[in-house]
Amino acid sequence: MSQLVSPSLGPNHARSASAPPSIEESGILLPPNRFYNEESQRISNMIDDELKKESALRKEAKRKEIKVMLLGQAESGKSTLQKQFQLYYASQTLETERPSWRPIVHFNIMKAVRMILDELDYEFARAENAEQEEIQEQDVDNELLEISPSHKNEILDLRSRLLPLVALHDSLASELSGGVSITGGKTGVFVRSGWQTLLTPSRGWMGNVHTGKPQAVAGLAAKALHTAQEDIRKLWLHPVVRIFVDKRKVRLEESGPFFLDNIERIAQPDYVPDIEDVLSVRLQTLGVIEHSFPINLGGTMYDWRLYDVGGARGQRHAWVPYFDDATAIIFLAPISAFDQYLEEDPRTNRIDDSLQLFTAICANQLLKKAHLVLMLNKTDLLKRKLKAGIRVAK
Ligand SMILES: Nc1nc2c(ncn2[C@@H]2O[C@H](COP(=O)(O)OP(=O)(O)OP(=O)(O)O)[C@@H](O)[C@H]2O)c(=O)[nH]1
Ligand SMILES: [Mg+2]
């Protein structure tokens, strides 16, 4: 009997008793090589076929992927249009997100109340100065409104009762934004991609948008709003505030009047925003947020990737890396903004800014193959302004 030798150890090294025998040693009969060749060829061909199929599928999927960028200045309605796409093509996802919008709706109301009170303060101070200095000449565009002493007292009274609510404004903004702020802009709430999942009811409505941890200020704000609802309603319906709004002395964001009209409903402890509330909310986008929808067009499924971007001037540099493979651009220009100025640069008219931005987008070489859609939106607000006698020429 020949000595047990391991090929790797060499002929002079004995194999240990525990080592398993080789295939040859085990006596198992190996099939002829021809069989191996045929079988391996068959498997190899099968793998090639699979790879070809996969590559074709990938190409097909790529062909059906449509990348759409929503561009335009801040507050032009990009996120609102994205929500409308979501409502149309993936309504269930918007439905489940509804509770996470609650603290943001509360923030929108607090911001509107604060803007009204700030403007009233400013107007009272102007009136006092005018009285002291007996200013005769008035700027026709900024004429001083006469406020009766009783009206002034009513407003001062409401103001002092609303102070606890207003005092929470900045800290709520900071809490909802996770401490993020944008230089040059006013206090706001800024969100990044995926914030909704961090604010779902399972984590508690008052979860932080970035960490999901419970938020103390949002809870306080909800309680303060509930307590102050009657005062907010009185302020909003006060004759002086009505005149201020009509004469456009106080220019609230679009969401303000809508939510103030609905204060009673929104201030309830069990309030959950409905779809109209979600579409009316003003919430600034930070960076670029990708949304994906499967869309069936003429029987073919397309994977629509919608890129919603932050539109403020300091945010626009983040758009460029997405230009290269964009299929289409939807450029939003709010046509009602002819008498408004940028929040981040109060000297620049919003229509001028939109025009400059649109010109730059049209000239960008990276976008030369992309389809371009220009959407003039906020036509309802334009109609309302024209009806109220505001002249475009001015
Ligand atoms: N009345 C009216 N309001 C609109 C329309 N489109 C948008 N809005 C409102 O305008 C506000 C601004 O909308 P957003 O969608 O947040 O603006 P954005 O372009 O995403 O702004 P950034 O994220 O800062 O770049 C929201 O309160 C919307 O409800 C419209 O056609 N009509
Ligand atoms: Mg946005």
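Since we're looking at a predicted model, the values are computed, not measured.

Engineer: Mind showing me how you'd approach the overall build of the chain here?
Structural biologist: Along its length, the chain carries 14 helices and seven strands. Of all 394 residues assigned to the chain, the portion counted as buried reaches 28%. The long-range fraction of contacts in the chain, counting pairs at least 24 apart against all pairs at least 6 apart in sequence, stands at 76%.

Engineer: Mind showing me how you'd approach the site of ligand 1 here?
Structural biologist: Taken together, 24 residues form the shell around ligand 1, and within it Gly77, Ser79, Thr80, Thr285 and Gly311 come nearest. Elements represented by at least two residues in the shell around ligand 1 include exactly α3 (78–89), α12 (275–280), β3 (284–285) and α14 (379–387). In terms of residue count, the dominant contributor to the shell around ligand 1 is α3 (three residues). Two domains each put at least three residues into the shell around ligand 1: domain 1 (67–94 + 285–387) and domain 2 (97–133 + 144–284).

Engineer: Can you walk me through the packing of helix α6 (residues 149–166) against helix α8 (residues 216–237) in this structure?
Structural biologist: Angle between the axes and distance between the axes: these two values describe a pair of packed helices. Two elements in contact, α6 and α8, have axes separated by 9 Å at closest approach and are oriented at 145°. The hand of the α6/α8 crossing is left-handed. Listed contacts from α8 to Leu158, Arg161, Leu162, Pro164 and Leu165 of α6 are Ala224, Leu225, Ala228, Asp231, Lys234 and Leu235. The class makeup of the residues in the contact of α6 with α8 is eight nonpolar, no polar and three charged.

Engineer: Where do I start with the pairing of strand β7 (residues 371–377) in this structure?
Structural biologist: Remark: a regular strand shows side chains that alternate across the two faces of the sheet. One ladder, built from seven bridges, connects strand β6 (residues 328–334) with β7; its direction is parallel. What sits directly across from Ile329, in β7, is Leu372. The β-α-β motif built from β6, the intervening helix α13 (residues 350–363) and the parallel element β7 has right-handed crossover chirality.

Engineer: What should I look at first to understand the packing of helix α7 (residues 169–176) against α8 in this one?
Structural biologist: Look at α7 against α8: their axes get within 8 Å of each other, and the N-to-C directions meet at 135°. Put simply, α7 runs oblique to α8. Relative to α8, the crossing made by α7 is left-handed. Contacts between α7 and α8 pair Ser171, Leu172, Glu175 and Leu176 from the former with Val217, Ala218 and Ala221 from the latter.

Engineer: Would you mind going over unusual backbone geometry with me for this structure?
Structural biologist: Residues apart from glycine generally show negative phi values, whereas peptide bonds are mostly found in trans. The backbone of Glu75 sits at a positive phi, close to 70°, despite the residue not being glycine. Summarising the element assignment, Glu75 is placed in the loop between β1 (65–71) and α3. Even without a glycine there, the phi angle at Lys378 is positive, about 60°. As for its placement among the helices and strands, Lys378 is situated in the loop between β7 and α14.

Engineer: I tried to follow the pairing of β6 on my own but got confused; where do I start?
Structural biologist: The element β6 is largely enclosed, with a buried count of five among its seven residues. As paired elements, β1 and β6 share four bridges and run parallel to each other. Each residue of the ladder has a partner; that of Leu71, found in β6, is Phe331.

Engineer: I would appreciate a short explanation of the UniProt feature "binding site: GTP" (unreviewed entry) in the chain in the present structure.
Structural biologist: Mapped onto the present numbering, the UniProt feature "binding site: GTP" (unreviewed entry) falls on Leu279, Ser280, Val281, Arg282, Leu283, Gln284, Thr285, Asn377, Lys378, Thr379 and Asp380. Separation in sequence by 102 residues is matched in space for these annotated residues, since their most distant C-alpha atoms are 23.3 Å apart. Inspection of the secondary structure puts Thr285 in strand β3. When the 21 C-beta atoms within 10 Å are taken as the criterion, Thr285 is described as buried.

Engineer: So what exactly am I meant to see when it comes to the environment of Lys83 here?
Structural biologist: Take Lys83: it is sitting in helix α3. Separated by 192 residues in the primary sequence, Lys83 and Ile275 place their C-alpha atoms 9.6 Å from one another. Among residues more than four places away in sequence, those in contact with Lys83 are Leu94, Val278 and Leu279.

Engineer: Looking at this structure, I do not really get the environment of Val166. What am I missing?
Structural biologist: Along the chain, the position of Val166 falls in helix α6. Exposure remark for Val166: the 18 C-beta atoms within 10 Å place this residue in the partly exposed category. For the pair Val166 and Asn45, spaced 121 residues apart in sequence, the C-alpha separation works out to 72 Å. Apart from residues lying up to four places away in sequence, Val166 is in contact with Met110, Val113, Arg114 and Leu117.

What counts, and where the lines are drawn
- Residues numbered from 1 in each chain as written.
- Chains lettered and ligands numbered in written order.
- Predicted model: local features only at pLDDT ≥ 70, side-chain atom pairs only at ≥ 80, totals over all residues.
- Helix = DSSP H or I, 4+ residues; strand = E, 2+ residues; numbered from the N terminus.
- Buried ≥ 20, exposed ≤ 12 C-beta atoms within 10 Å, placed from the backbone.
- Contact = placed C-beta atoms within 7 Å.
- Near = placed C-beta within 6 Å.
- Domains from an automatic or database assignment.
- Axes fitted to C-alpha atoms, helices over the stretch in contact; angles between N-to-C directions.
- Left-handed = near helix turned anticlockwise from the far one by under 90°.
- Nonpolar A, V, L, I, M, F, W, Y, C, P; charged D, E, K, R; others polar.
- Pairing = 2+ DSSP bridges.
- Right-handed = clockwise from strand over helix to strand, strands pointing away.
- Parallel < 35°, antiparallel > 145°, perpendicular 65-115°, else oblique.
- UniProt positions renumbered as here; feature names shortened; annotations may be inferred.

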